Amino acid sequence: MKTVLITGANKGIGLETAKQLAGLGYFVYLGSRDKQQGLKAVEKLNALGLANVDAVQLDVTNLASVQQARKELEAKLDALNILINNAGIAGHQSQTFRAGDMTNLRQLFETNFFGAVQTTQQFIPLLEKAAHPVIVNVSSEVGSLTMQSSAAKRANWALFSAYGSSKTALNAFTIMLANELKNTAFRVNSVTPGYTATDLNGHQGLKTAAEGARSIVHVATLGDELTTGKFYQDRGEVAW
Ligand code: NAP
């Protein structure tokens, strides 16, 4: 059975992604910084008849926690097929570069960028053991420099300057890691779920978590097509 690790999978889009991938027959490890929340999420999936799931404690900002999760999975698995770097925070307002809170900006990068990089570094050795390892970075359209620089978007997206720039950095990570791994079987892509109703935005988003997760599942399961270093939404490509 192919295996998946999803960070931040105890709720929201991460939990829905776990549900959909477990439904497709993958064994899914739900990364959760609070193990109890992870176990509760596993119970919810078990209640739906999905037994092929388990929880693993994983705080992406804490190297010791990521290393412990790696040890646990290495003891159980021959290979990890898919890593989904989904854990993310939105930060608080104001997010302007002109006057926004520097601590907020640093925390956003700590989780959304450094967290994904250090989790990936730790799991590459286990991913390498799979025939076609897949890394999916859950990004956002507010991280797209093309969209940020379009006149239509300029007006109100300053609301997300700090969050958006952390996702731009995550996108850079996607492209550069894909380049580093271009002579291997790895596929590394970014995907945005789109504006989705979750705790992240006080459930203001327009998509359901299930709809948001669908884009991620599509990219995670692209099959053996050699697609790498791309940015996706709803099965199509998004401009970087
Ligand atoms: P959510 O419901 O708030 O879920 C975020 C998840 O990330 C939670 O499980 C949270 O855990 C976890 N997390 C936060 N910090 C973490 C850390 N240090 N270590 C491990 N896990 C951590 O938000 P969501 O909307 O599902 O977001 C999932 C991803 O989609 C994020 O990367 C977000 O940026 C991205 N995204 C969302 C939208 C949207 O409209 N919702 C749009 C574009 C992109 P706790 O429960 O412990 O807090």
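For the structure itself, consult the block above.
As a convention, each chain's residues are numbered from 1 in the sequence order in which they are written. Totals for whole chains, interfaces and linings use all residues, but because this is a predicted model, local features are given only for residues with pLDDT of at least 70 and pairs of side-chain atoms are given and counted only at 80 or more. Each side-chain value is worked out from all heavy atoms of the structure, with water and hydrogens disregarded.

This part takes up the nonpolar core. In plain words, nonpolar cores are sets of buried Ala, Val, Leu, Ile, Met, Phe, Trp, Tyr and Cys residues tied together by side-chain atoms within 4.5 Å. The buried label applies to any residue whose accessible area, calculated with a 1.4 Å probe on protein chains only, is under 20% of its type's maximum; exposed applies above 50%, and partly exposed to all values in between. Counting 30 residues, the largest nonpolar core has Val4, Ile6, Leu21, Val28, Leu30, Ile84 and Val136 as its most contacted members. With near-sequence residues (within four places) excluded, valine 4 lies in contact with Leu21, Tyr26, Phe27, Val28, Tyr29, Leu80, Ile82 and Ile84. One finds Ala69, Leu77, Leu127 and Phe186 within the second-largest nonpolar core, a separate group that totals 28 residues. We call two residues in contact when some of their heavy atoms are within 4.5 Å.

This brings us to the layout of surface pockets. Space inside the largest pocket adds up to approximately 1,100 Å³. Gly88, Ile89, Ala90, Thr198 and Leu200 are the residues nearest the centre of the largest pocket, which is lined by 43 residues in total. Each helix is a run of H or I in the DSSP string that is no shorter than four residues. Each strand is a run of E no shorter than two, and both are numbered from the N terminus. With 3 residues, helix α1 (residues 12-23) is the single largest residue contributor to the lining of the largest pocket. By the convention adopted, Pro, Cys, Tyr, Trp, Phe, Met, Ile, Leu, Val and Ala count as nonpolar, Lys, Arg, Asp and Glu as charged, and the other residues, Gly among them, as polar. The residue inventory of the lining of the largest pocket, partitioned by class, reads 14 nonpolar, 22 polar and 7 charged. Note on definitions: the grid is 1 Å and covers protein atoms alone; a cavity is a set of points where a 1.4 Å probe fits but cannot get out; a pocket is an open set with protein on both sides within 12 Å along at least five of seven lines; lining residues have an atom within 4 Å of a point. Grid points are joined across faces, edges and corners, and a volume is the space filled by probe spheres set on the points.

Moving on, we come to the site of the ligand. The rule for a residue being near a molecule or strand is that one of its heavy atoms must lie within 4 Å of it. If you check the shell around the ligand, you find 29 residues, and the closest are Arg33, Asn86, Tyr163, Thr196 and Thr198. Here a nitrogen atom of the ligand sits 2.9 Å away from a polar atom, N or O, in the side chain of aspartate 59. We define a polar contact as two N or O atoms separated by no more than 3.5 Å, with the added condition that, inside protein, one atom must be a possible hydrogen donor and the other a possible acceptor, whereas residues neighbouring each other in sequence contribute only through side-chain atom pairs. At 2.7 Å from an oxygen atom of the ligand is found a main-chain nitrogen or oxygen belonging to asparagine 86. Given that more than half its atoms are within 2 Å of the pocket grid, the ligand belongs to the largest pocket. Taken together, the elements giving at least two residues each to the shell around the ligand come down to α1 and α7 (161-180). The rule for placing a molecule in a cavity or pocket is simple: more than half of its atoms must lie within 2 Å of the grid points.

A separate point is the packing of α1 against helix α8 (residues 209-220). Axes, fitted as lines to C-alpha atoms, cover a helix only where it is in contact. Angles between the N-to-C directions of the axes lie from 0 to 180 degrees. As a packed pair, α1 and α8 sit with axes 8 Å apart at the nearest point and diverge in direction by 65 degrees. Crossing of α1 over α8 shows right-handed handedness. Facing α1, whose interface residues are Gly12, Ile13, Glu16, Thr17, Gln20 and Leu21, α8 presents Ala209, Ala210, Gly212, Ala213, Arg214, Ile216 and Val217. Here the residues of the contact of α1 with α8 sort into 7 nonpolar, 4 polar and 2 charged. By convention the crossing between two helices is left-handed if the near helix lies anticlockwise of the far one by an angle smaller than a right angle, and right-handed if it lies clockwise.

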